[in-house]
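Residue strings, one per chain:
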Amino acid sequence: MSSTELAQDPLPARFMRKARRLIGPTGLFLKGFVKHPVMVGAVVPSSARTIRRVLSRVDWDNCQVFVEYGPGVGTFCRPVLDRLRRDGKLIVIDTNPDFIAYLKRTIVDHRFSAVHGSAADVEAIVAAHGFEHADYVLSGLPFTTLPPGVGPAIMAATRRVLRPGGAFLVYQYTARARALMSRYFPRIDKGFEPINIPPCVISWGYKD
Ligand SMILES: C[S@@+](CC[C@H](N)C(=O)[O-])C[C@H]1O[C@@H](n2cnc3c(N)ncnc32)[C@H](O)[C@@H]1O
C-alpha cells in the first residue's frame, strides 16, 4: 500500500484490519464459540497431535474426494491439503458464515472449496461439485449438542455419501456420540488424544 493510499485509508478501517490480524484465527474461533456455543462446542481449535492422529488412517493415494464437516477456522484444512493428491478435492461445510468467509479469504488452492451449509446436505453438496461419492469424511461436529434429529440425519447422509471402503473420521470431546455412530458404522476403531483442549476421543468408522 502506497503512502498516498495510507493517508486516504480511514483510521477505523486501519484499526479494524490491525485488530483482525492481532486476534487471528484463534480469536475468530473464540468469537464463534461465544456467538454459537452449542454449534461450535469447543473453545480452542484442535491440537497438532489430534490432527496427525485423526489423519493417520487415511490412504491418501486412494483419496480423491475428502469432505470436512465443521472446519471452523481451518485447523485441519492445511494439513489435509498438504497430504491430498494434486487432482484431489477438499470440500468443507460449516453452518457459520463467518468461518466460511474467513476460509475463502485465507485458503487459496484450486483443490479447496468452502461451502456455507449443513453437513446434513452433504450428498447434494458433493453432487454439486461433480462427484458421486466421498472417499473420506472428517467431522469435528459437536454431535451431543446438535439440535434433535440433526445428528442421526448427518450420520445417515454420511454413510450414503461414502464409497464402499471409505471412512468417517470423527473427533469429539466425549465418547457418547459413538453409540449413535455405531448404528450407521458397525466397524469402528477407537483412539484417544490427551494433548488437546479438552482431551479428544477419536473414532474411525468404516463403510465395508
Ligand atoms: C468443534 S468446532 C470445529 C473445530 C475445528 N474443526 C477444529 O479442528 O478446531 C464445530 C464446528 O461445527 C460447525 N457446525 C455445527 N453444526 C454444523 C452442521 N450441522 N453442519 C456443518 N457445520 C456445523 C460449527 O460452526 C463449528 O465450526
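Here the structure is shown first, and the text comes after it.
Notes on the structure in this doc start here. Because the structure is a prediction, the values reported are computed rather than measured.

Read across the open sheet, the seven strands follow the order E3-E2-E1-E4-E5-E7-E6; overall the sheet is mixed. Looking along the sheet, the strands with just one partner apiece sit at the ends: strand E3 (112-116) and strand E6 (187-193). Each adjacent strand pair in this sheet contributes to an overall mean axis angle of 15°, direction not counted. Examined bridge by bridge, strand E5 (residues 162-172) and strand E7 (residues 200-206) share six bridges and lie antiparallel to one another. Each residue of the ladder has a partner; that of valine 170, found in E7, is serine 203.

Attention now goes to the site of the ligand. Lining the immediate environment of the ligand, one finds 23 residues, of which Pro45, Ser46, Gly70, Gly72 and Gly140 sit closest. Going through the elements one at a time, helix H3 (37-40) and strand E2 (89-94) are the ones with two or more residues in the shell around the ligand. For the shell around the ligand, the per-class residue count stands at 13 nonpolar, nine polar and one charged.

Here is what the cut-offs are and how they apply
- All residue numbers refer to positions counted from 1 along the written sequence of the respective chain.
- Only residues with pLDDT of at least 70 are given local features in this predicted model, and only at 80 or more are side-chain atom pairs given and counted; all residues enter the totals for whole chains, interfaces and linings.
- Whether two strands pair depends on DSSP finding at least two bridges between them.
- Under the DSSP-based scheme used, a helix requires at least four consecutive residues in state H or I and a strand at least two consecutive residues in state E, with every element numbered from the N terminus.
- Here the axes come from fitting lines to C-alpha atoms, over the contacting stretch only for helices, and the angles between their N-to-C directions go from 0 to 180 degrees.
- Near, for a residue, is defined by distance from a backbone-placed C-beta atom to a molecule or strand, with 6 Å as the limit that must not be exceeded.
- Gly falls in the polar group here, along with every residue not listed as nonpolar (Ala, Val, Leu, Ile, Met, Phe, Trp, Tyr, Cys, Pro) or charged (Asp, Glu, Lys, Arg).

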